[in-house]
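# Topology and contacts: notes
Here's the letter readout for the chains.
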Amino acid sequence: MQALPGFRDFLPTDCAARNYIFAHWREVARRYGFVEWDGPVLEPTELYRKKSGDEIIGQLFNFTDKGEREVALRPELTPTLARIIAAHEREFKKPLKWFSIGSCFRYEKQQRGRLREHIQLNCDVIGEPGLAADIELVALSIDILRVFGFNEKDFVVRISDREFWIDFLKSQNVPEASWQEILQTIDKSEREPREKTIEKLGALSDPVLAILEKGGRSEKLEKLVDGLRARGLADFVDVDVRIVRGLAYYTGIVFEVFDRVGKLRAVAGGGRYDNLIEQLSDGATKLPAVGFAMGDVVLGELIKDRPTASQKMETTLRDESKIDIYVVVAKEERRADALAQVQQLRDGGYRVDYPLVPEKVGKQFQLAEDLGATIAVLYGDEWPQVKVKTLATREEKLVPNSDLFARIDSLLR
RNA sequence: GUGGUCGUAGCUCAAUGGUAGAGCUCCAGAUUGUGGUUCUGGUUGUUGCGGGUUCGAGUCCCGUCGGCCACCCCA
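Quick notes on the rules
- Residues numbered from 1 in each chain as written.
- Chains lettered and ligands numbered in written order.
- Predicted model: local features only at pLDDT ≥ 70, side-chain atom pairs only at ≥ 80, totals over all residues.
- Helix = DSSP H or I, 4+ residues; strand = E, 2+ residues; numbered from the N terminus.
- Rg over C-alpha atoms; globule rule 2.2 N^0.38 Å.
- Buried ≥ 20, exposed ≤ 12 C-beta atoms within 10 Å, placed from the backbone.
- Contact = placed C-beta atoms within 7 Å.
- Axes fitted to C-alpha atoms, helices over the stretch in contact; angles between N-to-C directions.
- Parallel < 35°, antiparallel > 145°, perpendicular 65-115°, else oblique.
- Left-handed = near helix turned anticlockwise from the far one by under 90°.
- Nonpolar A, V, L, I, M, F, W, Y, C, P; charged D, E, K, R; others polar.
- Core = buried A, V, L, I, M, F, W, Y, C linked by C-beta atoms within 7 Å.
- Pairing = 2+ DSSP bridges.
- Near = placed C-beta within 6 Å.
- Domains from an automatic or database assignment.
- Right-handed = clockwise from strand over helix to strand, strands pointing away.

Summing up its helical and strand segments, chain A has 15 helices and 16 strands in all. Relative to the compact-globule value of 22 Å for 413 residues, chain A shows a C-alpha radius of gyration of 28 Å, a clear excess of over 25%. Dimensions along the principal axes, computed over C-alpha positions, put chain A at roughly 95 × 55 × 45 Å. Across the 413 residues that make up chain A, the buried fraction comes to 35%. The contacts of chain A with a sequence gap of at least 6 include a subset with a gap of at least 24, amounting to 68%.

In this section: the packing of helix α1 (residues 12-31) against helix α12 (residues 307-321). Between α1 and α12, whose axes approach to 10 Å, the crossing angle comes to 110°. Between α1 and α12, the interaxial angle falls into the category roughly perpendicular. Once α1 is placed against α12, the crossing between them reads as right-handed. Note on element contacts: α12 touches α1 through Met313, Thr316, Leu317, Glu320 and Ser321, opposite Ala16, Ala17 and Tyr20. Broken down by class, the residue content of the contact of α1 with α12 amounts to five nonpolar, two polar and one charged.

Attention now moves to the nonpolar core. Among the nonpolar cores identified, the biggest contains 75 residues, and Cys123, Leu137, Val138, Val157, Ile159, Val267 and Ala289 are the most heavily contacted of them. With residues up to four places along the chain from it excluded, the contact list for Val157 reads Val138, Ser141, Ile142, Phe236, Val237, Phe255 and Val257. Listed in part, the 20 residues of the second largest apolar core include Ile325, Val352, Ala376 and Val388.

Here we come to the sheet that holds strand β12 (residues 325-329). With mixed pairing, five strands are arranged side by side in an open sheet as β13-β12-β14-β15-β16. Looking along the sheet, the strands with just one partner apiece sit at the ends: β13 (352-353) and β16 (395-400). Two strands pair when backbone bridges link them, and β12 and strand β14 (residues 375-379) are joined in this way by five bridges, in the parallel orientation. Across the sheet, the residue bridging to Tyr326 is Ala376, located in β14. The sheet strands contacting helix α15 (residues 404-412) are β12, β14, β15 (385-390) and β16, and the helix crosses β15 at an angle near 5°.

The subject of this paragraph is the protein's contact with RNA strand B. In the vicinity of RNA strand B there are 41 residues, among which Pro75, Arg112, Gly246, Gly380 and Asp381 approach most closely. Element by element, the count of residues in the surface near RNA strand B is highest for helix α14 (residues 361-370), at five residues. Taken together, the residues of the surface near RNA strand B sort by class into 13 nonpolar, ten polar and 18 charged.

Time to look at the sheet that holds strand β7 (residues 155-161). Adjacent strands of a sheet form backbone hydrogen bonds with each other and so pair up, either parallel or antiparallel. On the basis of which strands lie adjacent, the open sheet formed by eight strands has the order β1-β5-β6-β11-β10-β9-β7-β8 and mixed pairing. Of all the strands in the sheet, the pair left with one neighbour each is β1 (35-36) and β8 (237-239). As defined by bridge partners, strand β6 (residues 117-126) adjoins strand β11 (residues 289-295) across seven bridges and the pair is classed as antiparallel. Across the sheet, Asp124 pairs through a bridge with Gly291, a residue of β11. Those strands touched by helix α3 (residues 78-88) are β5 (96-105), β6 and β11, and its axis lies near 40° from that of β6.

Here the focus is unusual backbone geometry. Going from Lys94 to Pro95, the amide bond is cis rather than trans, its omega being 0°. By the secondary structure assignment, Pro95 is in the loop between α3 and β5. A cis amide bond links Trp383 to the next residue, Pro384, at an omega of 10°. Along the polypeptide, Pro384 turns up in the loop between β14 and β15. Although it is not a glycine, Glu68 sits at a positive phi angle of roughly 65°. Inspection of the secondary structure assignment puts Glu68 in the loop between β3 (61-64) and β4 (70-73).

This part covers the packing of α1 against helix α11 (residues 296-305). With their axes 11 Å apart at the nearest point, α1 and α11 run at an angle of 100° to one another. Between α1 and α11, the angle falls in the class roughly perpendicular. Packed against α1, whose contacting residues are Ala17, Arg18 and Ile21, the element α11 presents Asp296, Leu299 and Gly300 at the interface. Of the residues that constitute the contact of α1 with α11, the class distribution is three nonpolar, one polar and two charged.

If you check the domain split of chain A, you get domain 1 (12-315) and domain 2 (323-412). Of note, the centres of domain 1 and domain 2, computed from C-alpha atoms alone, are 51 Å apart.

This next bit is on the environment of Arg394. In this structure, Arg394 sits in the loop between β15 and β16. Along the chain, Arg394 and Ile375 lie 19 residues apart, while their C-alpha atoms are 9.2 Å from each other.

When you tally the buried positions in β12, you get five out of five residues, the bulk of the element. Where β12 meets β13, two bridges bridge the pair, whose relative direction is parallel. Along β13, the bridge assignment pairs Tyr326 with Asp353. Assessed by its sense of winding, the connection that carries the chain from β12 through helix α13 (residues 335-347) to β13 is right-handed.

Take a look at the structure:
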């Protein structure tokens, strides 16, 4: 028996790596004043139908439950957030700065960097229509990557604006019904042959391709970059109107984060969705919002790919897995005395381990070494004195067991 | 979902159609209370699974499951 395709087992090493990512996500989100929320993994399929676009529906991990309800494992966190906000918005002062870390699912053939279950960080600012919120979120996404040890040579945030394209489509008198399709064609233009894009765009192909080649000009996007420049983060971003993003609910600024080499999938992506909360509340609540999501899988691959980031992670994980003290039971008749002090040391907050069954002293020291213990405390013939040994220097000192805490404290402080 | 490719010990990989192996890991030892090295010994396989061809299949053929890559799509 093994895990289902696209689902992962997390052995202790994997779990440590995952928690390393979570810890950094939380730390930076809190630096920015965001608070954490959570929601159900399973939602009514209806929550995603018509809100996110057809593409996402086709890849939902959905089924009918025993109560004949149509349900879906959440493919992303934003609809759940919008649903919660629509129901509880009066309980909070605006703007809300919320983040969440949770598993998301999709039913499709897995590939590198894309599994059926992955974990996303989602950060959103709700209730603030101004560009300041967009800038804050882009800055947050940059700072999150920076704490992992990445710099402007490792990744880039490509920023665009759907309003720029909407204005363009209006100026070309394109009927609103076909906007979504044209936006998707622009989104795909990078990955598709030029001829196919031209064919799809028809009469619009000349002006659109001209914009794609020369780059679009937008006062809003320039202001956004100015805002990031004021924070010293301008080198991390490129204005790039080719970015549109697949989800239907985006209404303004959209952005995606890529590795500079361009080998991996997008590390993060997001944008403004000013109508989604209104849609999900049937018009009862209208709140502008902007947010982004970052997945653990691609991020993990990027960390492995960059020596600076991977070494930083390795060092952290090695230090965190270490124990402080290994208790060596050299004489079994001292085991009870040793365990009494193990308990006290653990109560004192130290990480302490010892052999559950009688072992040779040599083997116990080997275990102490393997577990990364800083010091070993030996219980044997010297009782009521114990030997306290600093493993790195091999220095040993005999102390009365009543002085153990003072000795440990001076060594580990 | 479509196509290509691969699947041998816990891991990394060997084995012209002729008895399934190595390294690492793991476990146990190297005179009775001291660790990173070294040495010795040991465990582990229905060769992913199921059929077929053959005197004989890890090897060839078909199917199936799983991994990877591309397409699709990308939250």
